[in-house]
Amino acid sequence: MIPVGNSGFSLGIIQTDLGQHKDVAKDLVRAYQDWAVKNGEVSFPKEQEDKIIRELGRTGKEINSQGGKSLDRNVKFQINKFLASSDGITFIHNHDIKQIKKLEQNIFNPLKETNLYKQVSVEDKIKLATVNAKVYNQNELLGSKILTGLQHNRYKNIQEITEMVDGFIKNKNNKPDYLESGYKHALKGANVITELIKANPSNPLFQAWEKISENPLANPNSFTGSQREDYLAIKHLFLNSDKAGKIIREHNMQLQLSPKQEKFLEKSEVDITCPLTKNASFEEYNDYAFAALLSDDDDKMHAALDSLLTSDIGRSTQQEAAALYERQEREEIARLEQMQHDAPVMRMTLS
C-alpha cells in the first residue's frame, strides 16, 4: 500500500477518502456488521471494531509513519465482499450522493455565478467544474482557494487554474503530485461527457446518456432491463476513458435505419454494379445511394459512390458544397483579420 500525498483508503465513484472523512470509516464498519448478520457472513468481533475503524480511517501520513502497514487481509477481503453486494452498492451510492450534494453546495452552485464560467464554452464549463471539484474532493482548503480566485476574477482561462494546481505541491523525481495527476485523470472523464454531448442524436450511446442524465443520482440497484444496459454502457465508457471517444465516434458512423428504410432494404432491387444514369431523378439517386452504403462489398460500394458523384445531382451537390466552403473560408479570414485589428485595445478587467 503506497499512499499518495495524505490520501488513505478511498471508496465510491466520488472516491471518498476515509482518512479525510473518518465518519465514513465508522459508517462502513457498522454497515458491514449489519450486512454480515443479515447474510450469515463472518462478523467482526465487537472488541476489534474500533481498531478496524482506526485502520480504515488512517491518512496517508499516518500510514507512512507506520511503515506503509496495510489493512488486515481478512478484514479487507470481507469489506470488499460487502461492497460488491447489493447492500454495499447502496451504501457506497448513498455516500456518493452525500459528497455530490456537498460539492453542489460548496463548488458547483457558486462556480456557475463566476464571470469566467459564464463566458466559456460548454466544454470548458465541464472542465472548470471537474478541476475545481476534483481538487476540492482531495483537499477542501485548496479547492476553496480556486473558487475564491474565480469569484474575484483572478483567472483568464482554465489553463491558468491548472498551472496554479500544478504548482501547489513541488513534484519529486519529475513525477506529478496527487493533485496534478488527480485532476488530469478526472479530465478524461470530462472529455467523455463532452464526446457524449456532441454525439449524433441517432447514436445509441447518446440516447443512453440522455436517459441516464434524466436521473443521474438514481441507485444503480434500481436499474433493470434496458435501463441497466444503458447504465452499464455509459459506465463502461468512463471506466475506459482513453478509448471512449473512439467508441462513441464509431457508433456515430453506424447507420441507424428507420422502419421505412428497413422495408426498402428487404425489397430493394437496385443493382449498384451498373452505373447510375447521369440524369437520374432525386428518388433514383437516393435509392441508389442508400443501396451503395448498405453494400457488404467495399469495391462495389466505392464504384457506386463514384457513379453518384458523376451524376447531374452529384455534380450539383459538389458545386454547392464547394461554394459553401469558399464562403465560410472568406468569413473566417475576415473574422481573423478583425481580431488582429481589435487586439491592441482588448483588456481583461475586474468587475
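Just above, that's the structure.
What comes next is a walk through the structure. Quick caveat: nothing in here was measured; it's all calculated off a predicted structure.

Parameters and conventions
- Residues numbered from 1 in each chain as written.
- Predicted model: local features only at pLDDT ≥ 70, side-chain atom pairs only at ≥ 80, totals over all residues.
- Heavy atoms only, no water.
- Helix = DSSP H or I, 4+ residues; strand = E, 2+ residues; numbered from the N terminus.
- Polar contact = N/O pair within 3.5 Å; in protein donor to acceptor, adjacent residues only side chain to side chain.
- Contact = heavy atoms within 4.5 Å.
- Buried < 20%, exposed > 50% of the residue type's maximum accessible area, 1.4 Å probe, protein only.
- Arc of directions from axis to C-beta.
- Core = buried A, V, L, I, M, F, W, Y, C linked by side-chain atoms within 4.5 Å.
- Salt bridge = Lys/Arg side-chain N within 4 Å of Asp/Glu carboxyl O.

1. Here we look at the side chain of Glu-180
Thinking step 1. Position of Glu-180 among the secondary structure elements: in helix α10 (residues 178–198).
Thinking step 2. A distance of 3.1 Å separates polar atoms of two side chains, one belonging to Glu-180 and the other to Lys-184.
Thinking step 3. The contact partners of Glu-180, leaving out residues within four places of it in the chain, are Asp-166 and Asn-171.

2. Describing helix α4 (residues 73–83)
Owing to its 3.6 residues per turn, the α-helix brings residues three or four apart onto one side.
Thinking step 1. Looking only at α4, the buried set comprises Val-75, Gln-78, Ile-79, Phe-82 and Leu-83. Relative to the axis of α4, the buried residues are bounded by an arc of 140 degrees and lie together on one face. Of the exposed residues in α4, the ones pointing more than 90 degrees away from its buried face are Arg-73, Asn-74 and Phe-77.
Thinking step 2. In this structure, the buried side of α4 is in contact with α1 (22–39), α2 (49–56) and α5 (86–111).
Thinking step 3. A side-chain oxygen of the first residue of α4 lies 3.0 Å from the backbone nitrogen of Asn-74; this N-cap is Asp-72.

3. Section: the nonpolar core
Thinking step 1. Core analysis: the largest hydrophobic core is formed by 27 residues, its most contacted members being Leu-116, Leu-128, Val-131, Val-135, Leu-150, Ile-161 and Val-165.
Thinking step 2. The leading source of residues in this core is helix α7 (residues 122–138), at 7 residues.
Thinking step 3. Counting residues in each nonpolar core, the second largest holds 22 residues, with Leu-28, Ala-31, Phe-82 and Leu-83 among its members.

4. Re α2
Thinking step 1. Every buried residue belonging to α2 is among Glu-49, Ile-52, Ile-53, Glu-55 and Leu-56, and all of these are buried. Down the axis, α2 shows its buried residues gathered within 165 degrees of arc, on one side only. α2 presents Asp-50 and Arg-54 as exposed residues on the side facing more than 90 degrees away from its buried surface.
Thinking step 2. As for α2, its buried residues are in contact with α1 and α4.

5. Here we look at the pattern of salt bridges
Thinking step 1. Per the stated rule, a full pass over the model turns up 14 salt bridges.
Thinking step 2. Close ionic contact of Arg-30 with Glu-49 constitutes a salt bridge, the shortest N to O distance being 3.9 Å. Taken together, the positions of Arg-30 in helix α1 and Glu-49 in helix α2 put the pair 19 residues apart, joining distant regions of the chain.
Thinking step 3. Glu-113 is the salt-bridge partner of Lys-118, the closest N and O atoms lying 4.0 Å from each other.
Thinking step 4. The class for Glu-113 is exposed, based on a relative accessible area of 56%.
Thinking step 5. Through salt bridges with shared partners, a single network forms among Arg-30, Lys-46 and Glu-49.

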